[in-house]
Amino acid sequence: MRKRPASKPVSPKPEDAAAPPLDTPAAPATPFPVIGIGASAGGLEALEEFFKGIPPGLGAAIIVVQHLSSSQPSRLPELLQRVSALPVVEAADELPLAPDMVFVLPPGFDLGIRGQELRLTPAPEGHGLRQPIDAFLSSLAERGRPNSIGVLLSGMGSDGTGGLRVLKQHGGATFVQEPATAKYDSMPRSAIQAGVVDVVAAPGDLPAHIASYLQHALGSEPDAENLVVALESGAIEQVLAVLKRHTGQDFSQYKRSTVQRRIERRMAMHRLASVQDYELLLRDSKAEIELLFRELLIGVTSFFRDPEVWAQLREKTLPALLARRPDGATLRLWVAGCSTGEEAYSLAMVLAEAIHDASPRRDLPFKIFATDIDSDAIDKARAGHYPKRIEEHVSEARLQRFFVRDEFGYQVKGPLRETLVFAPQNVAMDPPFTKLDLLSCRNLLIYFDTELQRKLIPLFHYSLREGGVLMLGNAETTGDSRDLFLPLPGRSRLYQRLESFRRAGFVEFPFAFERHGRGVAVEREPFAAKRETPEPNLQALADAVLLQRYAPAAVLVTNDGDVLYISGKTGKYLEPAAGKANWNIFAMARDGLAATLNNAFLQAVEKQRLVVVRNVVIDSENGPLATDVSIDPLKSPQALVGMVMVVFSDRLAEAPNPAQPALRAPAGRNDSLEAQLSQSQDALRAARHHARASEDQLRTTNQALQSLNEELQSTNEELTTSKEEMQSMNEELQTVNQELQAKVTDLSRASDDMRNLLNSTDIATLFLDDFLNVRRFTTQTASIIKLISSDVGRPITDIVTELLDPMIADDAREVLGSLAFKEREVPALSDRWFNVRTMPYRTHENRIDGVVITFSDITRSKKLEVDLTHARQMLEAALSQRTIQLGKANQKLKAAKAAKAPKAVKPPVRKPPAKR
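All values derive from a computational prediction rather than experimental measurement.

Each helix and strand in the chain was counted, giving 23 helices and 29 strands. Relative to its full complement of 916 residues, the chain shows a buried share of 43%. Long-range pairs, those at least 24 residues apart, make up 65% of the contacts in the chain between residues at least 6 apart in sequence. Entry remark: accessible area of the chain is about 49800 Å², with carbon and sulfur atoms responsible for 54%.

A separate point is the sheet that holds strand β7 (residues 148–152). Pairing in this open sheet of seven strands is parallel, and the strands run β3-β4-β2-β1-β7-β8-β9 from one edge to the other. The open sheet is flanked by β3 (88–90) and β9 (199–201), the only strands paired with a single partner. This sheet shows a mean twist of 20° between the axes of neighbouring strands, independent of strand direction. Alignment of strand β1 (residues 34–39) against strand β2 (residues 61–66), held across six bridges, turns out to be parallel. Following the sheet pairing, isoleucine 37 is matched in β2 by valine 64. On the sheet, helix α5 (residues 186–193) packs against β1, β7, β8 (173–177) and β9 and is oriented at approximately 135° with respect to β8.

This part covers helix α2 (residues 76–83). Three or more residues of α2 are buried, namely Leu76, Pro77, Leu79 and Leu80. All buried residues of α2 fall inside an arc of 165° around its axis, so they share one side. Buried residues along α2 sit in contact with α1 (43–52), β2, β3 and β4 (101–104).

Let us now look at the pattern of salt bridges. Following the criterion strictly, the structure yields 32 salt bridges and no others. Residue glutamate 343 is joined to arginine 442 by a salt bridge in which the shortest nitrogen-to-oxygen separation is 2.9 Å. Separated by 99 residues along the polypeptide, glutamate 343 in helix α12 (residues 342–357) and arginine 442 in the loop between β16 (436–441) and α16 (450–463) bring together distant segments of the chain. Considered together, glutamate 343 and arginine 442 belong to a single accessibility category, that of buried residues. Between lysine 455 and glutamate 451 there is a salt bridge; the shortest N-O distance is 3.6 Å. Here lysine 455 and its partner glutamate 451 are both found in helix α16, four residues apart, which amounts to about one turn of the helix. When salt bridges with common partners are traced through the structure, they connect Arg314, Glu353, Asp357 and Arg398 into a single cluster.

Our next topic: the confidence of the model for the chain. Detailed conclusions should not be drawn from predicted coordinates in areas where pLDDT is low. For the chain, per-residue confidence averages 78 on the pLDDT scale, and 81% of positions sit at 70 or higher. Element-level mean pLDDT values for the chain span from 35 in helix α17 (residues 514–529) up to 93 in β16. Note on residues 501–505: pLDDT under 50 across the span, and eight contacts to partners over four residues away in sequence or across chains. Contacts for the low-pLDDT stretch residues 653–668, under 50 throughout, to residues beyond four places or in other chains number 14 contacts.

Viewed as axis vectors pointing N to C, helix α9 (residues 275–284) and helix α10 (residues 286–296) meet at an angle of 110°, and their least axial separation amounts to 5 Å. With respect to their mutual orientation, α9 and α10 come out roughly perpendicular. Judged by residue contacts, Tyr278, Leu281, Leu282 and Asp284 of α9 engage Lys286, Glu288, Ile289 and Leu292 from α10. Tallied by class, residues from the contact of α9 with α10 come to five nonpolar, no polar and three charged.

Attention shifts here to a nonpolar patch on the surface. A surface patch of nonpolar side chains, about 280 Å² in accessible area, is lined by Leu705, Leu708 and Leu712. Summarising the element assignment, leucine 705 is placed in helix α21 (residues 669–760). Look at leucine 705 and you get partly exposed, because its relative accessible area is 48%.

Remember that side chains alternate between the two faces of the sheet whenever the strand is regular. One ladder, built from four bridges, connects β2 with β4; its direction is parallel. Across the sheet, isoleucine 62 pairs through a bridge with valine 102, a residue of β4.

Two descriptors summarise a pair of aromatic rings, namely the distance from one centre to the other and the angle between the planes of the rings. Using the criterion set out here, one finds 17 aromatic pairs in the structure. Geometrically, the ring pair formed by tyrosine 345 and tyrosine 386 is edge-to-face, given 6.0 Å between the ring centres and 80° between the ring planes. Of the two residues, tyrosine 345 is situated in helix α12 and tyrosine 386 in strand β12 (residues 385–386); the sequence distance between them amounts to 41 residues. Neither tyrosine 345 nor tyrosine 386 differs from the other in exposure class; each is buried. Between phenylalanine 403 and tyrosine 410, the ring centres sit 6.3 Å apart and the planes meet at 80°, which makes this aromatic pair edge-to-face. There is no split in this pair, since phenylalanine 403 and tyrosine 410 are both buried.

By the secondary structure assignment, lysine 168 is in helix α4 (residues 161–169). Relative accessible area serves as the criterion here: at 8%, lysine 168 is assigned to the buried category. Side-chain polar atoms of lysine 168 contact the side chain of aspartate 198, separated by 2.4 Å. If near-sequence neighbours (up to four positions away) are discounted, lysine 168 is found in contact with Thr174, Gly195, Val196, Asp198, Arg262, Arg265, Arg266 and Glu295.

So, on to the sheet that holds strand β25 (residues 764–768). Taken in spatial order, the five strands line up as β26-β25-β29-β28-β27 in an open sheet, and their pairing is antiparallel. Each edge of the open sheet carries a strand with a single partner, namely β26 (774–777) and β27 (822–828). With direction set aside, neighbouring strand axes in the sheet form an average angle of 25°. Note: strand β28 (residues 832–842) against strand β29 (residues 848–857), eight bridges, orientation antiparallel. By the bridge assignment, proline 840 is partnered in β29 with valine 851. The sheet contacts of helix α22 (residues 808–818) involve β27, β28 and β29, and relative to β29 the element is tilted by about 135°.

A few words now on the environment of alanine 809. Relative to the assigned elements, alanine 809 resides in helix α22. The buried category is assigned to alanine 809, whose relative accessible area is 11%. Between the C-alpha atom of alanine 809 and that of asparagine 773, which follows or precedes it by 36 residues, the distance is 10.0 Å. Beyond its immediate sequence surroundings of up to four residues, alanine 809 is in contact with Leu772 and Thr797.

A separate point is unusual backbone geometry. At the junction of serine 636 and proline 637, the peptide bond is cis and its omega measures out at -5° in the coordinates. On the secondary structure map, proline 637 appears in the loop between β23 (623–633) and β24 (644–650). Notably, glutamine 608 is not glycine yet its phi reads approximately 50°, a positive angle. Its relative accessible area of 37% is what places glutamine 608 among the partly exposed residues. Positive phi is not limited to glycine here, since leucine 819 has a value of about 60°. Relative to the assigned elements, leucine 819 resides in the loop between α22 and β27.

So, how was this worked out
Residues numbered from 1 in each chain as written. Predicted model: local features only at pLDDT ≥ 70, side-chain atom pairs only at ≥ 80, totals over all residues. Heavy atoms only, no water. Helix = DSSP H or I, 4+ residues; strand = E, 2+ residues; numbered from the N terminus. Buried < 20%, exposed > 50% of the residue type's maximum accessible area, 1.4 Å probe, protein only. Contact = heavy atoms within 4.5 Å. Areas by Shrake-Rupley, 256 points an atom, 1.4 Å probe, with all protein chains shown as cover. Pairing = 2+ DSSP bridges. Axes fitted to C-alpha atoms, helices over the stretch in contact; angles between N-to-C directions. Arc of directions from axis to C-beta. Salt bridge = Lys/Arg side-chain N within 4 Å of Asp/Glu carboxyl O. pLDDT = per-residue confidence, 0-100. Parallel < 35°, antiparallel > 145°, perpendicular 65-115°, else oblique. Nonpolar A, V, L, I, M, F, W, Y, C, P; charged D, E, K, R; others polar. Patch = residues over 30% accessible without salt bridge, like charges linked within 9 Å, V, L, I, M, F, W, Y side chains within 5 Å. Phe/Tyr/Trp six-rings, centres within 6.5 Å; stacked < 30°, edge-to-face > 60°. Polar contact = N/O pair within 3.5 Å; in protein donor to acceptor, adjacent residues only side chain to side chain.

Next up, the structure:
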């Protein structure tokens, strides 16, 4: 058997009930388990051991598929019946399945399952590669659920690996023979290396493992209820914590039912009834952590799944999207959760067709970012190679346009492959791609809980451009985010981004590098702790004492009266207002000071000069207090420009005394009252003027603040957007870098392989392009044509050759014109001869891109030919001489014989009688 790469499912079916239906509905599962066994070379011994170990009462239908020759009858049912306690029959078309029976594939047919019946189809004629085990296990996978089991025994090649992968993705169990016990271990080893195996054991032990698994999976054990209770009691978080610590991936926001079923399944494989025991197993086994991680990665995908969705996208959505984009603009698309790439390549094909059919013709390059959490799936997507089964979902026209067929399947062509960038990414933890025209996230949200879905929908809205399209699966919606997306007409889950959305707060982004930010903060703390405290300054301390004890009380305020600094004791003049703290001097001024201070402050600020109000009477706690108030707008130093200094100076000589009320009315009570009235009127006028000015100022300020607030919000949003775009751009650059590094590695390996291959043939080979310039040559060529590494790119006609008949250029031109190879024998210096063969150089896309010239040394053959010719001539001359000699000898012999012979006597002549 020849190996071929393992393939992904053709028409997978999600395990969860919320998953969308397949393009072709799966047949209902049988009420009893079905075990599919695949075997090839050396499989008879393994099958006999397997059937000897089947416990009674298994209750499962067993189907055996083996590589058989279609020209020879099979005796497998008879051989298995000798060792099996179950009845063994040969499978027939439409034969119903039954528990505790064994069905064997007959020669010349492929086997499948539809409903509860077996279906036989004639095997393709010829001797090409056949994968009957893959085909049967893939059909068995469509049944889904835990009662479908795949078993792989001894055999050559890799048949069965792809089928086990499909079966495992659909919730079935996979069992493989221990390679050390197999006569031919290629098939079991291929499945184990692909990571699609649940249990590896000897053939005789596999039935016991299967029986134990069925007891756990079907909930028939007494401890099954305790298992569910243990999982629901919070122990599942401990398992996920161990998984996150080792893989870095957080599954805590996956749907609890899905996670629980996957953990139960792994516990059933190890026959564990306690989740605590399974947690201990995880802590001690890295292999089990990897297996559980693979279990939770549900890679279900196929080409053009849900055809009506792609039809609407191709005919309506994409043409409208292309019409809004200017010529030359690069379309950006993102496929989140791409698995092995079928969804991404489907989108690329549909978009290429839409651009090609656009009227008028548009020049719109596009780039598709395809990401997934599974790095192995990303590697397979990068390879772009898929099995022949994709013919069921990809039309013949698309296969011819976008794929190249080979012996093992179909390879995506280079031009389409270059439009995609594949990279590992966790959509819930890593920064998103931005400025997208279309975002496809089909059948991924159904595996997340509601909280994570609510976080991702605004994130998708942020990632899309104005008018961008969101593409979801049939079982997914945008939930309560109707203000973010507008559903497009039709039954497909296509949504257009709305621009009227404006939500308080910001989109919650998953930062992948948040821990580095915390690390920086931690590093700053020791540095801050090491700073030394400066020694006290004597002058500064003395100035502080003078200011506190002997200088007048003063307050430094802003132009609006907000207190910035207080010097001295100002409690006699100011007191905090009741209620919410307000550090404004006008709100804190005591009775008698407020009106005067307001008027004088306004004058000082407007005229930018010192204003002094003398003999202001303040109602302090100790009675009336006469004070001079100075308001000085500061013009120096530069740091205090724009601030106002308010100084309070007590008038001690005229200090108020309750026993001398004349201080309030030194010129009599009437004069005092008139002075107070005049002061009040002035204060009232000033207050009105100030109120009007303040109203105008406040109105202007309010408008300015509103404008400033909007600008600040816009700036803040732009800064946030720029920050996230930078992170997304960094992510994209890293993605492209990974892609380029992978390409460079592949190209380097291919170049090394090609160089070693060419050198190992010991045949001088020369590659020329369409213009007969040197493209590549092997080391042996330098002995015929004087080539060095710097000659690459030079015309072959400019280079000296040892050939005596240098017709290389003419032969190359002739081959490029006729596309038929040409072969000549050409002499060279030093009596050498070469067989020069000129052939067209064909690319993998069947395009002629130059010629390939090989020089085979035939000097020895030519020398042998000359020697043979000379020997022939000598032999011919010798033969000729010998012939002449023999001729002469023959003549002499004849003469001698003639001389020795007696002379003959003539008989008498009778005369006729005379006539009478």
